[in-house]
Amino acid sequence: MIKIHMELKKLEITARKDIKSAKNLKDLDDIFKKYLGKKGELTLILRSLKNLPIKERKTQGKIANQIKKDLELIIQEQKHKLQASSFKIQDTGFDITVPGKKQDLGHLHPLTLVRRKVEEIFQSMGFSVVEGPEVESEWYNFDALNIPKEHPARDLWDTFYLKQKKLLLRTHTSPVQIRYMEKNQPPLRIIVPGRVFRHEATDAGHEVNFYHIEGLMIDKKGKVSVANFKAIIGEFFKRFFEKEIKIRLRPSYFPFTEPSFEIDINCVNCLGKGCSVCAQTGWVETLGAGMVHPNVLKAVGLNPKFWQGFAFGVGMDRLAIMKYKIQDIRLFYGGDLRFLQQF
Ligand code: FA5
């Protein structure tokens with residue numbers, strides 16, 4: 001009995017040493033087989049116990065089984081250690097077993113969400129999405145749009161002029177009407193989302209840099225009327241705000257449209273009852289529009305006797321303000337994550 005006991009102790013000590021010194025998983029597997037495999041040293045001892053008298057078998061069996069469990073456990077531990085270190089890429093010093101830093105998941109800016117929604121709605125009504133340059137010439141931003149030099153209408157837009165002769169930051173997306181009609185023959189339907197700039201004092205409703213969406217539809221004379229415009233813009237608002245929205249047209253003035261109008265929509269906040277957003281009127285001014293002025297058509301070589309159409313320009317920031325009930329336009333450009341993470 002003493003002999004088996006000594007044998008077991010010796011085996012445990014050498015097995016533990018062997019396991020600790022295993023340098024790789026292959027070594028460890030060999031060690032497992034050497035002691036615990038089918039013909040392993042410990043397995044053979046365990047098998048030989050059946051020849052012992054019952055009392056002795058019980059005591060020695062208990063000890064041998066305990067050693068078996070201990071060895072299995074430390075083999076597992078050693079296996080984990082070796083697996084972890086085998087992942088380390090020594091050359092680069094990059095250790096993929098070190099826990100990583102959690103990355104925050106980003107999402108789209110509210111103005112991008114609005115832009116995509118507007119594009120989707122107009123595209124479904126047959127409009128193409130077109131873009132134009134942010135730095136413009138006086139010709140495209142003013143002259144071609146029926147705003148001659150020295151004309152007081154130029155003062156409607158507070159313009160940033162560049163030092164380079166006759167270049168400026170576009171004050172609206174209307175110049176893209178001209179650029180597009182120069183290269184494309186009617187009938188045409190486009191929308192032009194884009195960034196615009198005005199040298200204005202900022203407040204809750206005004207920014208120096210903001211976004212417009214221009215719309216233009218031209219077809220043969222008699223085919224596109226104010227009634228068509230009203231139907232299209234009404235459908236747009238209904239789909240954009242996902243509810244029935246009342247609109248009204250008021251006479252206005254833009255040099256590039258005749259007649260011109262402002263479009264008010266029923267305040268989305270109070271549904272027309274009157275609140276602080278709509279200055280208790282129930283209506284919010286949202287876009288400028290009109291029938292394209294004959295001089296604009298002439299500027300791109302189209303004969304106003306044969307062609308006719310409407311144009312509109314909507315402030316995208318104002319749409320976003322109404323859709324998401326935002327108090328201050330400047331929040332869009334502040335980069336404050338507490339604001340942006342809400343979308
Ligand atoms: C224009 O810029 C015309 N080009 C629109 C147009 C196009 C009329 C085609 C007719 C035909 P207006 O200056 O009103 O119009 O600007 C259009 C919209 O831009 C306004 O209704 C408003 O929603 C928004 N807007 C104007 N100024 C600012 C500003 N400083 N900050 C944010 N939004 C503004």
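This structure is a prediction, so every number in the text was calculated from the model and none was measured.

Rules behind the numbers
- Residues numbered from 1 in each chain as written.
- Predicted model: local features only at pLDDT ≥ 70, side-chain atom pairs only at ≥ 80, totals over all residues.
- Heavy atoms only, no water.
- Helix = DSSP H or I, 4+ residues; strand = E, 2+ residues; numbered from the N terminus.
- Buried < 20%, exposed > 50% of the residue type's maximum accessible area, 1.4 Å probe, protein only.
- Contact = heavy atoms within 4.5 Å.
- Areas by Shrake-Rupley, 256 points an atom, 1.4 Å probe, with all protein chains shown as cover.
- Lys, Arg positive; Asp, Glu negative; His and termini not counted.
- Charge placed at Lys NZ, Arg CZ, Asp CG, Glu CD.
- Near = heavy atom within 4 Å.
- Polar contact = N/O pair within 3.5 Å; in protein donor to acceptor, adjacent residues only side chain to side chain.
- Salt bridge = Lys/Arg side-chain N within 4 Å of Asp/Glu carboxyl O.
- Pairing = 2+ DSSP bridges.

K.L.:
Would you take a moment to explain the overall build of the protein for this structure?
P.N.:
Check the secondary structure of the protein and you find 11 helices and 9 strands. Counting only C-alpha atoms, the protein reaches 120 × 50 × 40 Å along its principal axes. Of all 343 residues assigned to the protein, the portion counted as buried reaches 42%. Within the protein, counting contacts between residues at least 6 apart in sequence, those at least 24 apart form 66% of the total. Split by element, the accessible area of the protein, about 19,900 Å² in all, is 55% carbon and sulfur. Across the protein, the mean location of the 57 positive side-chain charges is 9 Å away from that of the 40 negative side-chain charges.

K.L.:
I tried to follow the site of the ligand on my own but got confused; where do I start?
P.N.:
Taken together, 25 residues form the shell around the ligand, and within it His172, Ser174, Arg198, Glu200 and His212 come nearest. Residue Trp157 places a side-chain N or O atom 3.3 Å away from an oxygen atom belonging to the ligand. A distance of 3.0 Å is found between a nitrogen atom of the ligand and a backbone nitrogen or oxygen belonging to Glu207. For the shell around the ligand, the elements supplying multiple residues, two or more each, are β5 (209-220), β8 (283-292) and β9 (307-315).

K.L.:
How do you make sense of the pattern of salt bridges when you look at a structure like this?
P.N.:
Side-chain pairs of opposite charge can arise where the charged atoms are in close proximity. The tally for this structure, following the rule as stated, stands at 17 salt bridges. Measuring nitrogen to oxygen at the nearest pair gives 2.8 Å for the salt bridge that ties Arg115 to Glu119. On the criterion of helical spacing, the pair formed by Arg115 and Glu119 is a turn pair, its members being 4 residues apart in helix α5 (residues 110-124). Relative accessible area serves as the criterion here: at 15%, Glu119 is assigned to the buried category. We note a salt bridge from Arg239 to Glu235, for which the minimum N-O separation is 3.0 Å.

K.L.:
Explanation requested: the pairing of strand β7 (residues 257-266) in the structure shown.
P.N.:
Residues in a regular strand project their side chains so that they alternate between the two faces of the sheet. Summarising burial for β7: 8 of the 10 residues are buried, a large majority. The antiparallel hairpin formed by strand β6 (residues 247-254) and β7 contains 2 residues in its connecting segment.

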